[in-house]
Amino acid sequence: MKYIDEFQDPELARRLLDDIHATVTRPWALMEVCGGQTHSIIRHGIDQLLPPEVELIHGPGCPVCVTPLEVIDKALEIASRPGVIFCSFGDMLRVPGTGRDLFQVRGEGGDVRVVYSPLDALRIARQNPDREVVFFGIGFETTAPPNAMTVHQARKLGIQNFSMLVSHVRVPPAIEAIMSSPSCRVQGFLAAGHVCSVMGVEEYPELAERFRVPIVVTGFEPLDILEGVRRAVRQLERGEHTVDNAYARAVRPEGNPAARAMLEDVFEVTDRPWRGIGVIPDSGWRLSPKYRDHDAEHRFSVGGIRTEEPAECRSGEVLQGLLKPHECEAFGTLCTPRTPLGATMVSSEGACAAYYLYRRLDVPAAAAREASPVV
Amino acid sequence: MCLAVPGRVLDIEDRDGTRMATVDFGGVVKEVCLEYLPDLRVGEYAIVHVGFALQRLDEESARQTLELFAELGLLQEEFGDPWETAASAAGADPAEEVHNR
Ligand code: SF4
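Attention here is on the structure that accompanies the text. In this text, all values refer to a predicted model and were calculated from it rather than measured experimentally. (Residues numbered from 1 in each chain as written. Chains lettered and ligands numbered in written order. Predicted model: local features only at pLDDT ≥ 70, side-chain atom pairs only at ≥ 80, totals over all residues. Heavy atoms only, no water.)

Our next topic: the pairing of strand E1 (residues 5–15) of chain B. All names here are of chain B. Note: E1 against strand E4 (residues 45–49), 4 bridges, orientation antiparallel. Each residue of the ladder has a partner; that of valine 5, found in E4, is valine 48. In this structure, E1 lies alongside strand E2 (residues 18–25), joined through 7 bridges in antiparallel fashion. Along E2, the bridge assignment pairs glutamate 13 with methionine 20. Connecting E1 to the antiparallel partner E2 that follows it, the hairpin turn spans 2 residues, and aspartate 16 within it adopts a positive phi of roughly 50°. (Pairing = 2+ DSSP bridges. Helix = DSSP H or I, 4+ residues; strand = E, 2+ residues; numbered from the N terminus.)

Moving on: the sheet that holds strand E3 (residues 84–88) of chain A. All names here are of chain A. Pairing is mixed in the open sheet, where 6 strands are placed in the order E4-E3-E5-E6-E11-E10. Because the sheet does not close on itself, it has two edges, and the strands there are strand E4 (111–114) and strand E10 (267–274). Strand-to-strand twist across the sheet, computed as the mean angle between neighbouring axes with direction ignored, equals 25°. Summarising the sheet, E3 and E4 pair through 4 bridges and their orientation is parallel. In the strand pairing of E4, isoleucine 85 is matched with aspartate 111. (Axes fitted to C-alpha atoms, helices over the stretch in contact; angles between N-to-C directions.)

All names here are of chain A. The strand order across the open sheet built from 5 strands is E2-E1-E7-E8-E9, with neighbouring strands paired in parallel fashion. If you trace the sheet from one side to the other, it starts and ends with strand E2 (54–61) and strand E9 (243–245), each paired once. Strand-to-strand twist of the sheet, defined as the mean angle between neighbouring strand axes without regard to direction, takes the value 25°. Pairing between strand E7 (residues 188–192) and strand E8 (residues 215–218): 4 bridges, direction parallel. In the strand pairing of E8, alanine 192 is matched with threonine 218. Here helix H12 (residues 222–238) sits on the sheet in contact with strand E1 (28–34), E2, E7, E8 and E9, set at roughly 170° to E8. (Contact = heavy atoms within 4.5 Å.)

Residue-level contacts link 46 residues of chain B with 50 residues of chain A. Applying the counting rule to chain B against chain A returns 1 salt bridge. Here A:Arg126 and B:Asp16 are joined by a salt bridge, their closest N and O atoms 2.8 Å apart. Summed over the shared surface of chain B and chain A, the number is 10 residue pairs in polar contact (both at pLDDT 80 or more). Only E2, strand E3 (28–33), E4, strand E5 (52–57), helix H1 (59–72), helix H2 (74–79) and helix H3 (82–90) of chain B provide two or more residues apiece to the side of chain B that touches chain A. For the side of chain B that touches chain A, the per-class residue count stands at 26 nonpolar, 10 polar and 10 charged. (Salt bridge = Lys/Arg side-chain N within 4 Å of Asp/Glu carboxyl O. Polar contact = N/O pair within 3.5 Å; in protein donor to acceptor, adjacent residues only side chain to side chain. Nonpolar A, V, L, I, M, F, W, Y, C, P; charged D, E, K, R; others polar.)

We now examine the packing of helix H2 (residues 35–43) of chain A against helix H16 (residues 351–358) of chain A. All names here are of chain A. Direction vectors running N to C along H2 and H16 enclose 20°, while the axes themselves pass 9 Å from each other. Considered as vectors, H2 and H16 are oriented roughly parallel to each other. Relative to H16, H2 is oriented so that their crossing is right-handed. Touching Thr38, His39, Ile42 and Arg43 of H2 are Ala351, Ala354, Tyr355 and Tyr358, all from H16. Along the lines of polarity and charge, the residues of the contact of H2 with H16 split into 5 nonpolar, 2 polar and 1 charged. (Parallel < 35°, antiparallel > 145°, perpendicular 65-115°, else oblique. Left-handed = near helix turned anticlockwise from the far one by under 90°.)

Another point: unusual backbone geometry. Across the chain, the bulk of peptide bonds are trans and the bulk of non-glycine residues have phi less than zero. In this structure, A:Asp282 is a non-glycine residue whose phi angle is positive, near 55°. Note on placement: A:Asp282 falls in strand E11 (residues 278–287). Even without glycine at this site, B:Asp16 takes up a positive phi of about 50°. Tracing the backbone shows B:Asp16 in the loop between E1 and E2. Taking relative accessible area as the criterion, B:Asp16 reaches 45% and is therefore assigned partly exposed. (Buried < 20%, exposed > 50% of the residue type's maximum accessible area, 1.4 Å probe, protein only.)

Residue and element names in this part refer to chain A. In this structure, phenylalanine 189 sits in strand E7. The sequence separation of phenylalanine 189 and alanine 232 amounts to 43 residues, and the corresponding C-alpha distance is 7.5 Å. Dropping the residues within four chain positions of it, phenylalanine 189 is found in contact with Met31, Val33, Ile175, Ile178, Met179, Val213, Pro214, Ile215 and Val216.

Most often, soluble globular proteins keep nonpolar side chains buried together rather than apart. All names here are of chain A. Membership of the largest hydrophobic core comes to 102 residues, with the highest contact counts inside it found for Ile78, Phe86, Leu102, Phe136, Phe162, Phe189 and Phe267. Here the element with the most residues in this core is helix H5 (residues 69–80); it accounts for 6 residues. Not counting the four nearest positions on each side in its chain, isoleucine 78 is found in contact with Val84, Phe86, Val134, Leu165, Ala296, Phe300 and Val302. Formed by 38 residues, the second largest nonpolar core is a distinct cluster that contains Ala13, Leu30, Ala246 and Ala354. (Core = buried A, V, L, I, M, F, W, Y, C linked by side-chain atoms within 4.5 Å.)

Next up on the list: the packing of helix H7 (residues 118–127) of chain A against helix H8 (residues 144–156) of chain A. All names here are of chain A. It is the contact of H7 with H8, at a shortest axis distance of 9 Å, that shows an interaxial angle of 20°. The angle between H7 and H8 falls in the class roughly parallel. As H7 packs across H8, the resulting crossing turns out to be right-handed. Every residue of H8 that contacts H7 at Pro118, Leu119 and Leu122 is listed here: Pro146, Asn147, Thr150, Gln153 and Ala154. Grouping the amino acids of the contact of H7 with H8 by side-chain chemistry returns 5 nonpolar, 3 polar and no charged.

Okay, the pattern of salt bridges next. All names here are of chain A. The full count for this structure, using the stated rule, is 30 salt bridges over all chains. Here aspartate 19 ties to arginine 230 by a salt bridge, and the two come within 3.3 Å at their closest N and O atoms. Residue aspartate 19 is found in helix H1 (residues 10–23), and its partner arginine 230 is found in helix H12; the two are separated by 211 residues along the sequence. You can call aspartate 19 partly exposed: its relative accessible area is 24%. The exposure class assigned to arginine 230 is buried, which follows from its relative accessible area of 17%. Notably, a salt bridge pairs arginine 260 with glutamate 202, separated by 3.1 Å at the nearest N-O pair. Of the two residues, arginine 260 sits in helix H13 (residues 257–266) while glutamate 202 sits in the loop between helix H10 (193–199) and helix H11 (204–211), which places them 58 residues apart along the sequence.

As structure tokens, then:
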């Protein structure tokens, strides 16, 4: 067990692992939903410390990775327009759209700015009243409340030159879609801790019951993940399927009621395509009619842009846990973090990039020689 | 980008009718909106995501998480210069990038 000394509390890590090893009697497949968890699992080699019976399937929980190509193309179109200041989180800069990315748009003279918070974009709008300021509002339920509050403020303060390109996604409909797929192998879920910090756990009992899967709310640190796995495996071995909270220090059952109320006000539920997966019913949020004045899709009339995804990228299968990244033909050869074909290779939370960065031994030898060192 | 980092509230003020705080993340100080945790007080810890406090955290677990994040370089990833990160990932020379700005 080569990595265990690096854990913050190796003694506790050892105890959790011993318990998992002692409990498991047959193969189980668990899916971690969140990309932050995927990153942590690969970085710390957690999947290699677990008994061989316990397989971790890396779910579609990286918002950068699942943002549809179509939305990226809309962002690129808006960002290229004269007079626009396009603000985004840094992770979106290198996500490939059709033929280029935001980084290149900036090189071609587009005013693309990286912000830490959506409120920074609102401040830029106030400082530049003669420019159109657009914020790229993506993310799961964790990022949605900050973006919702920002649009709410823009409306309250009457900041007319601020709008948002919204492509938010919700976790529970994705779990439902994964479980409903005929090729589904998932038997239990580690639910994303910070999503539940906002939303609470009320959406999950129905799913756990209907699909007879344990759903364990889990944090992101290595010890949190071991504890999540331990609780899920224990339920599976006992034939149970309940919702359990292994991240109680940051998750209350009701979540954050003020944030949930704001989400209700600013957004409405909509069908949303997920990159590589396709449309999942009710899986997204868009601005509600009350806030349509601040909807960049309307303001810049880019609603009509439709795009096909490149065929050689198999990120859809990776995101559904049907394929491990290194099993993709392009992995480490055509597709590297410097030349990403799919979004799962761009974000450090994407499964392909995590495998590339921390599992270099899995890269075919020829590819490893060709690919220049990254990090 | 889903990373949420624990931070300690240094002070609180009202700005344009919005409750804002200065928050310390293990040495990096940022402006944070408290509208979703309006009763958070100076000295307390919260989980912060993209400039918004989302949930209270006890001091002990906040400290442990911050230590771990600092060790793993995650604080740099979250608060460092994103253009540099993107440029180096793209294979461009960050120095040149700055020069062209
Ligand atoms: S390795 Fe690249 S091409 Fe293959 S699935 Fe991952 S992102 Fe797509």
